[in-house]
Amino acid sequence: MAKRLDDRGTRHDRFHQKAKREGFLARAVYKLEEIDQKHKIFDGGHRVLDLGCAPGSWLQYAEKQIGERAVLVGLDREAVPGAPPRARVVVGDVHTIDIKELLGDLPSFDIVLSDMAPDTSGIRSMDQARSEALFERALDIASQVLAPGGHFVGKLFQGAEFKKLNETVRAKFASAKSMKPASSRQISIEQYVIGKDFK
Ligand SMILES: C[S@@+](CC[C@H](N)C(=O)[O-])C[C@H]1O[C@@H](n2cnc3c(N)ncnc32)[C@H](O)[C@@H]1O
């Protein structure tokens, strides 16, 4: 079977049911949980920027991990009515957003997350290129807003630039790893690149 770019259309699998049972807004929460269990993303930092945050399950997870101290900012093209009340959600496009609007009163963030995915056209090379552009922009924003020692997680459809983009992360962070969580369906080519300890 040909690999798909993402795992849309798999809404009623066991992770979807589990998310419903546990009160999470999307099955995507289990991808972040798995990444966090392996790479300890929420190991002290409390200021989180989540790019492409709708419907809000990663914000829910961040709040659960950090607790009362959590400072959460989300960005999405869509409104995010289900986001945790403590989150400040900015509605806008990542390619045109003013970074000052994301920072608000904050000097920096400790963690930058991006689960952004492009609208898929069905033309694989074009969709991979769009995913790469979203990832590069997320990394560019992370480079501007992360405090030294901060962490980055970004989704990327595996394509021509995958190796080069991993190397870009490696140059900016003390360590760079990629992983495909078990809750990301086997037929999807999405990967998550994790940069730890921003230089
Ligand atoms: C897979 S969903 C994120 C799910 C989220 N992590 C959660 O757990 O609820 C991807 C999101 O990226 C957003 N997105 C895609 N392109 C974007 C862009 N150019 N600017 C801002 N958000 C974008 C989409 O609107 C969509 O809500």
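Quick look at the structure, then.

So, how was this worked out
- Residues numbered from 1 in each chain as written.
- Predicted model: local features only at pLDDT ≥ 70, side-chain atom pairs only at ≥ 80, totals over all residues.
- Heavy atoms only, no water.
- Near = heavy atom within 4 Å.
- Polar contact = N/O pair within 3.5 Å; in protein donor to acceptor, adjacent residues only side chain to side chain.
- Areas by Shrake-Rupley, 256 points an atom, 1.4 Å probe, with all protein chains shown as cover.
- Helix = DSSP H or I, 4+ residues; strand = E, 2+ residues; numbered from the N terminus.
- Contact = heavy atoms within 4.5 Å.
- Buried < 20%, exposed > 50% of the residue type's maximum accessible area, 1.4 Å probe, protein only.
- Arc of directions from axis to C-beta.
- Phe/Tyr/Trp six-rings, centres within 6.5 Å; stacked < 30°, edge-to-face > 60°.

Observations concerning the site of the ligand
For the ligand, the set of nearby residues contains 19 residues, the closest of which are Gly56, Ser57, Asp76, Val94 and Asp115. Within the backbone of Pro55, one N or O atom sits 3.3 Å away from an oxygen atom of the ligand. Asp76 is positioned with one of its side-chain polar atoms (N or O) 2.6 Å from an oxygen atom of the ligand. Relative to its unbound accessible surface of 610 Å², the ligand loses 89% to contact with the protein.

Focus on the side chain of Asp115
Turning to its location among the elements, Asp115 is positioned in the loop between strand 4 (109–114) and helix 5 (124–145). Within the structure, the side chain of Asp115 is placed 2.7 Å from the side chain of Tyr192, a separation counted as a polar contact. Setting aside anything within four residues of it in sequence, one finds Asp115 in contact with Ala28, Leu51, Gly52, Trp58, Lys155 and Tyr192.

A short note on unusual backbone geometry
Here Ala54 and Pro55 are connected by a cis peptide whose omega angle stands at 0 degrees. Within the element layout of this structure, Pro55 appears in the loop between strand 1 (47–51) and helix 3 (57–66). The backbone of Lys40 sits at a positive phi, close to 50 degrees, despite the residue not being glycine. Residue position: Lys40 is located in the loop between helix 2 (29–39) and strand 1. Even without glycine at this site, Asp197 takes up a positive phi of about 65 degrees.

Brief notes about helix 6 (residues 162–172)
Those residues of helix 6 lying buried are Phe162, Leu165, Asn166 and Val169. Take helix 6 and look down its axis: the buried residues cluster within an arc of 105 degrees, on one side only. Looking at helix 6, the residues exposed on the side facing more than 90 degrees away from the buried face are Lys163 and Ala171. In this structure, the buried residues of helix 6 make contact with helix 5, strand 5 (146–157), strand 6 (173–179) and strand 7 (190–198).

Section: the packing of aromatic side chains
Evaluated as defined, the whole model comprises seven aromatic pairs. The interplanar angle of 70 degrees and the centroid separation of 5.7 Å between the aromatic rings of Phe135 and Phe152 together place this pair among those described as edge-to-face. With Phe135 in helix 5 and Phe152 in strand 5, this pair connects stretches of sequence that are 17 residues apart. You can call Phe135 buried: its relative accessible area is 1%. When its relative accessible area of 0% is taken as the criterion, Phe152 is described as buried. When the centroid spacing of 5.3 Å and the interplanar angle of 55 degrees are considered together, the rings of Phe173 and Phe198 count as tilted. Here Phe173 is found in strand 6, whereas its partner Phe198 is found in strand 7, with 25 residues between them in sequence. Accessibility expressed as a relative area gives 0% for Phe173, which makes it buried. Phe198 gets classed as buried once you look at its relative accessible area, which sits at 13%.

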